[in-house]
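Overview (structure and organization)
The primary structure of each chain is shown beneath.
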Amino acid sequence: MDTLYKLMETILPFSWIEYNFMKNALLAILIITPLFGILGTMIVNNRMAFFSDALGHSALTGVAIGTIFGIADTNLAMLVFAILFALLLNTIKRKNTVSTDTVISVFSSLSMAIGLVILSRGGNFSKYSGLLVGDILSITVNEIGSLMVIFIFTLLFWFLCFNHLHASGINSSLARSKRINTNRMEDCFSVVIAIIVMFSIRWVGILLINALLILPAAASRNMSFNMREYHLFSVMISLFSGVSGLIASYHLGTATGPTIVIIASAIFFFTLFLRPSGKSKA
Amino acid sequence: MYNFNNNRKLTVRQDSACGLHCIKIKDITVRTSTQTLIENINLHIHCGKITALIGRNGAGKSTLIKAIIGEWKHEGTIAFTDLKNNTVENLTIGYVPQSLNIEKNTPVSVYDLFAGYISKSPIFFHKNRKLYQRIKDQLSIFDAQDLIDKRACDLSGGELQRVLLSIAITPVPNLLLLDEPISGIDRNGMQLFYNNIARLKENYDLAMIIVSHDFDFVRKYSDYVILLDKKIVKEGEPKEVLDSDEFKQVFG
C-alpha cells in the first residue's frame, strides 16, 4: 500500500494528495465508479431504476436488523437482507397480480420505515444519519481491498452473463425460445446490484446511491448508437464525475457524494442537448 | 422492390421440408391459482405445414404459445419425433414476438440485438467481424441486411418483423412460432410478411404455428386451422373451420 501511496504522490502533483484519506477516497472512486457505470447501462435499459432505489432504502432495515441481533458487522446484515429483499421482490413481481411499480414502492417504503423505527428507538438515530449521505473520506484500506474483490467478481459476471441478461430484458419469451433461463438471469443481476449497492452505501449514502447508478448510463444513452459506445461513455462519465467531484469537494469543503451527483447531472443535461436527432448513423 | 431470385442464401441452403418430422402436443393445460387458461390442447404438427391459431382476445392463443416455449408451466407433454426412424429428438423452437421491450433512444443496434442471441462473446466488448458478416447474411434472407447498423428502436414495425424473423431462424428451429403483429405494419408490409412465411415453408424443414387475426391470410396460406377458446372449439382445413358454425359463433 505504501508503494502505491508513494506512486500516487509522484504522479499527481496536487496538494490534496498528501492526505492518506484523499488517496484512499481516490482509489475507491477509481474502483467503484466504473462499476456504477457498467451496471447502470442495464438498470436503465431494463427500467430497473426504481428497483435499485428500493434496494438502497432496504439498507436501513439491514442495519437495524443487524443491531437487534447484535451482529457486530452491520455490513454483513445489510448484505444478507438486501439479497433476500431483492429475491423476494422478484418473486412477487412474477406473480403478476399487482403492477411492478406499486410492489416496489410498497417494499421500499416499508423497509425504510422499519429501519427508521428500529434505529430511532431511544432517540439516537443521529448515530446512523451518516448512512443517509455517506462519507467516502472515511474509507479504510481493508475496505478498498474488498471493493477490489467485488470489482473483479462483477466484471466476471458481466463478461459471462451479459448477453443472456440483455436478451432476458428485451423479450422474455424470445429469450426462453433460445433456451435462456430468464428468471435465473434476473435473480443473478438483482443479487449483483444488491452486493454493489450495499458495499458502497456507507460511502455514497442511501439518498444518493441511485443517482450514481442511473446518471452516467442515462447521459451515455443520449450519445450512443450501440452497446459498445453505451458502455464506454457510461464508464467514462462515471469516472470523470467521480474524480472531479472528489477534487471539487476537497476545494469547496462540501460533501463528496452530492458534489459527484451534481457533476453527473450537469453532464446528463449537457448530453441531452447533444442528443442525436433520432436517426442512426449509417 | 423485393427480388427473391437475388437471394442466393435461400436457394442454395437448406433442404425443404421432408414431412417426416412430427410434433405431438398432448393434453396441454395451463392453470393459474384462480382459473384455467387453456385446457386439454391436443395437436399434431408436421414439418412443412403452417398451422394457424385463431380465436377472440383472451382465448388463450398467447398462453398456448408461451406454454410451448416453456415460459408458462403446463400439464401435458410436447414430443418431437422423427418418423423416418421413429426416434424422439430435442425440439428446438424459434419465436417471433409481436414487439420488443425497447424504449425510444435505446442504444442497441440490430447487430447487438442479433449477436446477443447467437454469440457467447459479450456484445458490449467488441465487434466481431466474422459474426458481423454472418448476421448480415442471415438478415439478407429477409432483405434486412441494410438494417444491421441501425438502432433497433428506430426500425419500423415491418423492418423489426424481418429482423426478428431472421433471429428466429438462426439457427433453423424445428418449430417456428409467430405472433402476428397487430399494429405498426401497413398493408404492403403485411403482404411482405406473408410472402416471407410462404418462402420459409417452401425452403426450410420446419413446422410453423401462427397466431393470426387476418382470416384472408389464414384462408390463403395455412394448411390447418385451430379455433381456440380455452379449448379447441373447431379444427381442420381452413375452409372447413372458417365456414363453420363455431367460427360464426365466436366471431359473428
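Refer to the structure printed above.
So, here's what we can say about the structure. Keep in mind it's a predicted model, so treat the numbers as computed, not measured.

Definitions and limits used
- Think of each chain on its own: its residues are numbered from 1, step by step along the sequence as written.
- Naming scheme: in the order in which they are written, chains are lettered from A and ligands are numbered from 1.
- A pLDDT threshold of at least 70 governs which residues receive local features in this predicted model, and a stricter bar of 80 or more applies before side-chain atom pairs are shown or counted, although totals over entire chains, interfaces and linings include all residues.
- Axis definition: a line fitted to C-alpha atoms, limited for helices to the stretch in contact. Angles are taken between N-to-C directions and run from 0 to 180 degrees.
- Put simply, DSSP H or I for four residues or longer makes a helix, DSSP E for two residues or longer makes a strand, and each gets a number counted from the N terminus.
- Roughly parallel means an angle under 35 degrees; roughly antiparallel, over 145; roughly perpendicular, 65 to 115; everything else is oblique.
- Note on contacts: residues are paired as contacts if their backbone-placed C-beta atoms lie within 7 Å.
- Each residue is assigned to one of three groups, with Ala, Val, Leu, Ile, Met, Phe, Trp, Tyr, Cys and Pro labelled nonpolar, Asp, Glu, Lys and Arg labelled charged, and all others, Gly among them, labelled polar.
- By definition here, a helix of n residues has an expected span of 1.5 Å times n minus one.
- Backbone-placed C-beta atoms define the burial measure: a residue is buried with 20 or more other C-beta atoms within 10 Å of its own, exposed with 12 or fewer, and partly exposed in between.
- Linking buried Ala, Val, Leu, Ile, Met, Phe, Trp, Tyr and Cys residues through C-beta atoms within 7 Å yields a set, and such a set is a nonpolar core.
- An automatic or database domain assignment supplies the start and end points of every domain.
- When DSSP finds two or more bridges between a pair of strands, those strands are recorded as paired.

Before going further, it helps to examine the packing of helix H2 (residues 20–45) of chain A against helix H10 (residues 209–221) of chain A. All names here are of chain A. The interhelical angle for the contact between H2 and H10, taken along N-to-C directions, is 75°, at an axis separation of 7 Å. Between H2 and H10, the crossing angle belongs to the class labelled roughly perpendicular. On H10, the residues that touch Phe36, Gly37, Leu39, Gly40, Thr41, Ile43 and Val44 of H2 are Leu212, Leu213, Ile214, Pro216, Ala217, Ala218 and Arg221. When the residues that make up the contact of H2 with H10 are grouped by side-chain class, the tally is 10 nonpolar, three polar and one charged.

Turning our eyes to something else, we now look at helix H3 (residues 49–68) of chain A. Residues and elements named next belong to chain A. With 20 residues, H3 extends 30 Å between its outermost C-alpha atoms, agreeing within 8% with the 28 Å of an ideal straight helix rising 1.5 Å per residue. Extensive coverage of H3 is indicated by the burial of 15 of its 20 residues. Count one or two residues on from H3 and you reach glycine 70, which has phi positive near 65°.

Our next topic: the nonpolar core. Within the largest apolar cluster, 147 residues are counted, with the highest numbers of intra-cluster contacts made by Ala82, Leu212 and Ala264 of chain A together with Leu177 of chain B. Two domains each donate at least three residues to this core, and these are domain 1 (18–92 + 173–244) and domain 2 (100–170) of chain B. With residues up to four places along the chain from it excluded, the contact list for leucine 212 of chain A reads Phe36, Val204, Ile260, Val261 and Ala264 of chain A.

We now examine the sheet that holds strand S1 (residues 21–31) of chain B. All names here are of chain B. With antiparallel pairing, four strands are arranged side by side in an open sheet as S2-S1-S4-S5. Each end of this open sheet is capped by a strand with a single partner; those strands are strand S2 (36–46) and strand S5 (87–89). The mean inter-strand angle of the sheet, taken between neighbouring strand axes irrespective of direction, is 25°.

All names here are of chain B. What the six strands build is an open sheet, ordered S6-S7-S8-S3-S9-S10; its pairing is mixed. With one partner strand each, in any of the chains shown, strand S6 (93–96) and strand S10 (231–236) form the two edges of the open sheet. Averaged over all neighbouring strand pairs, the angle between strand axes comes to 20°, with direction disregarded. Direction of pairing for strand S7 (residues 175–179) relative to strand S8 (residues 207–211): parallel, over a ladder of five bridges. Across the sheet, residue leucine 178 finds its bridge partner in S8, namely isoleucine 210. Where helix H2 (residues 61–69) meets the sheet, its contacts fall on strand S3 (50–54), S6, S7, S8 and strand S9 (224–229), and the angle it forms with S7 comes to roughly 150°.

So yeah, pure geometry; function would need other evidence.
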